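Topology and contacts: notes
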Amino acid sequence: MELIRFNAARCTLCGVCIDKCPFGALSMKDTGIVVNDSCRMCGMCVRSCSEKAISFEQKAGEIDKNEWKDFLIYVEQERGDIHPVALELIGEARKMARKVNYKVNCVIIGGKGTSENARKLLDYGVNEVYVYEHPELEGFRADSYANAAADCISEKKPSSVLIGATSLGRSLAPRLSTRFHTGLTADCTTLDIEENSDMIQIRPAFGGNIMAQILITKSRPQFATVRYRVMDKARKVENPSGTIEMRKVTDLMLESGIEVISSTVIEKKKTIEEAEIIVAIGRGVSNEEGVQLCKELADALGATLAYSRPMVEQGVGNQLYQIGLSGHTVRPKLIITCGISGAIQFTSCMNGAETIVAINKDPNAQIFGVANYCIVDDLYEIVPKLTALLKARKED
C-alpha cells in the first residue's frame, strides 16, 4: 500500500500496530511490516505507534495499467433474482470491451440460489462469473459483501468495476473504492472508453447544469455506479461460452459488525422506473383542478402519474414518483409531460423514453427540444380533450 509509509530508522518492529489494526491489514515479513488490501486507512496504526514511525502519504503512486484488464460487473440480487440493472451494465460493458479487446466478467455474492443466477448470466455473453455463495451471505451486509468483492478484485485485477446505483450499490461502491485507494464516479449516465483503457465517465454536475466528463488516469481499478434504466440491457447470445468459477468464502470475509436481529420481506411495489406509460406534471399545473385533470388522463391511459421536483417540494407529489436528478430516471414507452419547462435536471432523466409528448403553452419551452410531439396550448384545454378521446376509444 503506497498510502502508508513506514520509517525504517524509527520502527522498532514491536508489533503494536499489527495488534491494534482492527482489519488484520498488517503483518510481519522478512522485509518488515507489510500492508495488504484489507487496509481501510482508519489511522489506528498511526495513532498507536509511540515511535511515530508510521505516516500517511497524501497522494497515491501511479500503477502499471497493463496489469489491470477487463471489466468486472457487480451483479446485485433482489428477492432471489438478478437485478435488471446488472444486465444494463453488462450491455454497456460489452460495447466498450470491443473497443479495447477486453473481456466482460461478473462477480455475484449471496446465499442459496446464487450459483443458479450465475448460470443465467452466461446467456448474456459474459466471459467469466465469479461466485461467492454462503448461507451467511443470504442478506446484504455492506462489510462482508465488500470483503468478498475486494477478494475478487484483488486477484482478478479488473481495469473497471461497474456497480448499479441502487441503494445497495451506493453502499458498496464507496467502500470498495476506498479500499483500493482509487476514484469512484457516482450516478453515471454515459460511459465510454479510450484506447489506453481510461474509462470516460459522464454524469450531471452542479445541479445538472453541466455534464461532467471524469477520467481516472493514474490509478486502477476505475469504479463507477450507473443509474438504473439509463442504458440498454444486454441481449442474449446464441452460443454462450462463458464459465463459472466458484470462489472460496473464508471466515474473514464473513466477519461483520452488523448483526441481523430479524428480517421481514416487504411487499414489492412497482416502481416508477418500471412504468411503461407515464404522465408527468410540472409547475404549469398550478392548482388542484389541473392535478385532477392529469390524474384522469393517466387513469385513461393506464399510466403512472409522476412529478417534477418543484411539484414534490410543494407537497403535490411523492418523492417516490419524482423524475429528475434528485429523483428517478425513467425509460417508458410513452411519457406525456404537462406544464413542464424541461430543465436539464428533468430531461436528462427521461429523454430515453421511446415517445415523448410535451404539452406547454410556452412555444420556447426547453421540453420541446427533446419531445417527439409538441403541443403548444393550454393544458387545461388540451388534457380534458385527450382524456375524452381515450375514453371514447375504449367504449368503441
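Residues numbered from 1 in each chain as written. Predicted model: local features only at pLDDT ≥ 70, side-chain atom pairs only at ≥ 80, totals over all residues. Heavy atoms only, no water.

**Observations concerning empty space enclosed by the protein**
In plain terms, the rule: The method works on a 1 Å grid over the protein atoms by themselves. A cavity is a set of points holding a 1.4 Å probe that cannot get out, a pocket is an open set with protein on both sides within 12 Å along at least five of seven lines, and residues with an atom within 4 Å of a point line them. Grid points are joined across faces, edges and corners, and a volume is the space filled by probe spheres set on the points. Amino acids are sorted into nonpolar (Ala, Val, Leu, Ile, Met, Phe, Trp, Tyr, Cys and Pro), charged (Asp, Glu, Lys and Arg) and polar (every other residue, Gly among them). Working definition: helices are DSSP H or I runs of at least four residues, strands are E runs of at least two. Numbering for both runs from the N terminus.
Counted by the stated rule, this structure contains two cavities of 30 Å³ or more. If you go around the largest cavity, you meet 13 residues; those closest to its centre are Ile4, Cys21, Cys39, Cys42 and Cys45. Its residues assigned to classes, the lining of the largest cavity shows eleven nonpolar, one polar and one charged. Residue lining of the second largest cavity: Leu72, Tyr74, Val107, Ala149, Ile153, Val161, Ile163 and Leu176, and that is the complete set. Elements that contribute at least two residues to the lining of the second largest cavity include exactly strand S5 (71-75), helix H5 (142-156) and strand S10 (160-164). Classifying every residue of the lining of the second largest cavity by side-chain character gives eight nonpolar, no polar and no charged.

**Regarding the pattern of salt bridges**
Heads up, the rule is: Here a salt bridge means any side-chain nitrogen of Lys or Arg lying within 4 Å of a carboxyl oxygen belonging to Asp or Glu. Buried means the residue's accessible area, taken with a 1.4 Å probe over protein chains only, is under 20% of the maximum for its type, while exposed means over 50%, and partly exposed covers the values in between.
Scanning the entire structure with this criterion turns up 17 salt bridges. Salt-bridge contacts for Glu155 lead to Arg247; the nearest nitrogen and oxygen are separated by 2.8 Å. Within this pair, whereas Glu155 is found in helix H5, its partner Arg247 is found in the loop between strand S16 (243-246) and helix H7 (251-254), the two being separated by 92 residues in sequence. Owing to a relative accessible area of 11%, Arg247 belongs among the buried residues under this scheme. As a salt-bridge pair, Lys295 and Asp299 come within 3.4 Å of each other at their nearest N and O atoms. Note that Lys295 and Asp299 are positioned in helix H8 (residues 288-301) at a spacing of four residues, about one turn of the helix.

**Description of the sheet that holds strand S18 (residues 304-307)**
Selection rule: Strands qualify as paired when DSSP identifies two bridges or more between them. Here an angle of 0 to 180 degrees is reported between the N-to-C directions of two axes, which are lines fitted to C-alpha atoms, with helices fitted over the stretch in contact. Pairs of residues are marked as contacts when any of their non-hydrogen atoms sit within 4.5 Å.
Taken in spatial order, the five strands of this open sheet run S18-S17-S19-S20-S21, and their pairing is parallel. Edge positions in the sheet fall to S18 and strand S21 (373-375), since each has one partner strand and no second. Along the sheet, successive strands turn relative to each other by an average axial angle of 20°, direction set aside. Across three bridges, the pairing between strand S20 (residues 355-359) and S21 is parallel. Across the sheet, Ile359 pairs through a bridge with Ile375, a residue of S21. Strands in contact with helix H11 (residues 379-395) are strand S19 (334-338), S20 and S21; relative to S20, the strand with the most contacts, it is inclined by about 135°.

**Some points on unusual backbone geometry**
Geometrically, the link from Arg220 to Pro221 is a cis peptide bond, its omega value of 0° lying close to zero. Along the chain, Pro221 turns up in the loop between strand S14 (210-214) and strand S15 (222-226). Look at Leu13: it is not a glycine, yet its phi comes out positive at around 55°. With respect to the helices and strands, Leu13 occurs in the loop between strand S1 (4-6) and helix H1 (16-20). For Arg79, which is not a glycine, the phi torsion comes out positive at approximately 55°. One can find Arg79 in the loop between strand S6 (77-78) and strand S7 (81-82).

**A word on the side chain of Ser159**
Tracing the chain through its elements places Ser159 in the loop between H5 and S10. Relative accessible area serves as the criterion here: at 0%, Ser159 is assigned to the buried category. With residues near it in sequence (within four places) discarded, Ser159 still touches Trp68, Lys69, Asp70, Tyr102, Ser197, Arg220, Pro221 and Gln222.

**Section: the packing of H5 against helix H6 (residues 167-179)**
Stated precisely, the cut-off is as follows: Roughly parallel means an angle under 35 degrees; roughly antiparallel, over 145; roughly perpendicular, 65 to 115; everything else is oblique. Crossing handedness: left-handed means the near helix sits turned counterclockwise from the far one by under a right angle, and right-handed means the same turn made clockwise.
Interaxial distance between H5 and H6 falls to 10 Å at its minimum, and their mutual angle equals 50°. Classified by the interaxial angle, the pair formed by H5 and H6 is oblique. Seen along the crossing, H5 lies across H6 with a hand that is right-handed. Between H5, through Ala142, Asp143, Tyr145, Ala146, Asn147, Ala149, Ala150 and Ile153, and H6, the contact on the second element is made entirely by Ser171, Leu172, Arg175, Leu176 and Arg179. Residue composition of the contact of H5 with H6, by class: eight nonpolar, two polar and three charged.

**Re the environment of Ile4**
Its location among the elements puts Ile4 in strand S1. Residue class for Ile4 comes out buried when judged on its relative accessible area of 5%. Measuring from C-alpha to C-alpha, the distance between Ile4 and Gly43 comes to 9.5 Å, with 39 residues separating the pair along the chain. Non-local contacts of Ile4, meaning those with residues more than four positions away in its chain, are made with Val35, Cys39, Met41, Cys45, Ile54, Ser55 and Phe56.

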